[in-house]
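# Results of the structural survey
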Amino acid sequence: PPRVFSGVQPTGNLHLGNYLGAIRKFVGLQHEMESLFCIVDLHAVTVWQDPKALKAQTREIAAAYLAAGIDPDVATVFHQSAVPEHAELAWLFQCVARMGWLNRMTQFKDKAGKDKERASVGLFTYPTLMAADILAYKATHVPVGEDQKQHLELARDVAGKFNLDFGAEGFFPLPEPLIRGAGARVMSLRDGTKKMSKSDPSDLSRITLTDDADAIAKKIKKAKSDPDPLPSAEDGLEGRAEARNLVGIYAALSGMSEAEVLTRFGGQGFAALKPALADLAVEKLAPISSEMRRLMDDPGHIDAVLKAGAEKASSIAGPILRETKEIVGFLT
Ligand code: AQP
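Residues numbered from 1 in each chain as written. Predicted model: local features only at pLDDT ≥ 70, side-chain atom pairs only at ≥ 80, totals over all residues. Heavy atoms only, no water.

## Comments concerning the site of the ligand
Surrounding the ligand, one finds 22 residues, the nearest of these being Asp147, Lys195, Ser197, Lys198 and Ser199. Measuring from a nitrogen atom of the ligand, one finds a backbone N or O atom of Val186 at 2.7 Å. Looking at the shell around the ligand, the elements with two or more residues in it are strand E1 (3-8) and helix H1 (16-29). Across the shell around the ligand, the residue classes tally to 6 nonpolar, 11 polar and 5 charged. (Near = heavy atom within 4 Å. Polar contact = N/O pair within 3.5 Å; in protein donor to acceptor, adjacent residues only side chain to side chain. Helix = DSSP H or I, 4+ residues; strand = E, 2+ residues; numbered from the N terminus. Nonpolar A, V, L, I, M, F, W, Y, C, P; charged D, E, K, R; others polar.)

Here you go:
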């Protein structure tokens, strides 16, 4: 049966890209397929996290999930470290995946930077943990932003090789990415060629889900643009990275197509688009951020939701892991 799994790292600065590329898509999917939405804290610690901040950031993602409209009575909402099957299966997958596969991962190259010798081993093996996250539930569909496409392909390769190596054809499904639609790739407000990211040193590069109306307006006003008027829908946005990004964000937030946005703003300068975009972003995000604040005032409630979610998640992953161990030849 179809099953959805996805996650967000509790690394702070949850932003518009995470919302449009991932969380907002989760909300719709929960009613279409059985869904598990995880806060992937094991992934977060591949880069050092302040322990106190990590707790707050974990609750912040949970609050964002709930505030955005994920219903914990419909979908399973939990944090990764509470379900040991993730780490256990990840070990087996580290023995299935090949060094060469992981060496090709562009996110490791980007995040490790120049001095790879100093990157954590966990940052390198990250994609095998992600494969375990998905396959511990035999999930078939994984909604993610464009940037996670390569990791998902690796998860498919791991599933395929496990099945082949152990003569267990069809045991793990080959999970499919769901990357469709507006918002799959939101770019930095300071550089239209870089993705909007939590770790960008510039606060002005991203709109976060906790920004107030003034901060949102200021960031959009200061967003990088170019001197030309916006093109018509016929001329399109080719070669206009910043214009494409702002028009794309407008489209994703309004539900209009890019062509419809250009029909409205084509021929006008950024001075027309930016204030309209700021108003739209505030209108769409303010209810989420105020609900997030309300939820974060009651950490006990969030923790109870996560605990119940982890129990539900374990009840699915437990039997799958037992069967996996049997297949591998461990005494069970
Ligand atoms: N700019 C983006 N546009 C669309 N989707 C995005 N996602 C991330 N950035 C964008 C999607 O958000 C989900 C959760 O991301 P994550 O927290 O697990 O990992 P990430 O991709 O590492 O997020 P960041 O913000 O880019 O963090 P850093 O700065 O640490 O690299 C995923 O589905 C992701 O595709």
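## A closer look at the domain arrangement of the protein
Split by domain assignment, the protein resolves into domain 1 (3-178 + 298-328) and domain 2 (203-293). A separation of 30 Å is found between the C-alpha centroids of domain 1 and domain 2. The interface is formed by 12 residues belonging to domain 1 together with 12 residues belonging to domain 2. Interface of domain 1 and domain 2: buried area, both sides summed, is about 1,100 Å²; carbon and sulfur atoms make up 75% of it. Where domain 1 meets domain 2, there are 0 salt bridges. Across the domain 1-domain 2 interface, the total number found is 3 residue pairs in polar contact (both at pLDDT 80 or more). (Domains from an automatic or database assignment. Contact = heavy atoms within 4.5 Å. Buried area = accessible area lost by both parts, 1.4 Å probe. Salt bridge = Lys/Arg side-chain N within 4 Å of Asp/Glu carboxyl O.)

## Considering the environment of Gly170
When you line up the elements, Gly170 lands in the loop between helix H8 (149-165) and strand E5 (176-178). Of the residues examined, Gly170 reaches a relative accessible area of 60% and is grouped as exposed. In sequence terms Gly170 and Ala159 are 11 residues apart; their C-alpha atoms lie 8.9 Å from each other. (Buried < 20%, exposed > 50% of the residue type's maximum accessible area, 1.4 Å probe, protein only.)

## Remarks on helix H13 (residues 299-328)
For an α-helix the count is 3.6 residues per turn, leaving residues at separations of three or four pointing the same way. Look at H13: 40 Å from first C-alpha to last across 30 residues, which is about the 44 Å you get at 1.5 Å a residue. For H13, the principal kink sits at Ser314 and spans about 25°. Among all positions in H13, only Ile302, Val305, Leu306, Gly309, Ala310, Ala313, Ile316, Ala317, Gly318, Ile320, Leu321 and Thr324 are buried. Gly329 sits one or two positions beyond H13 and adopts a positive phi of about 105°. (Expected span 1.5 Å × (residues − 1). Bend = angle between axes of the 7 residues up to and from the residue.)

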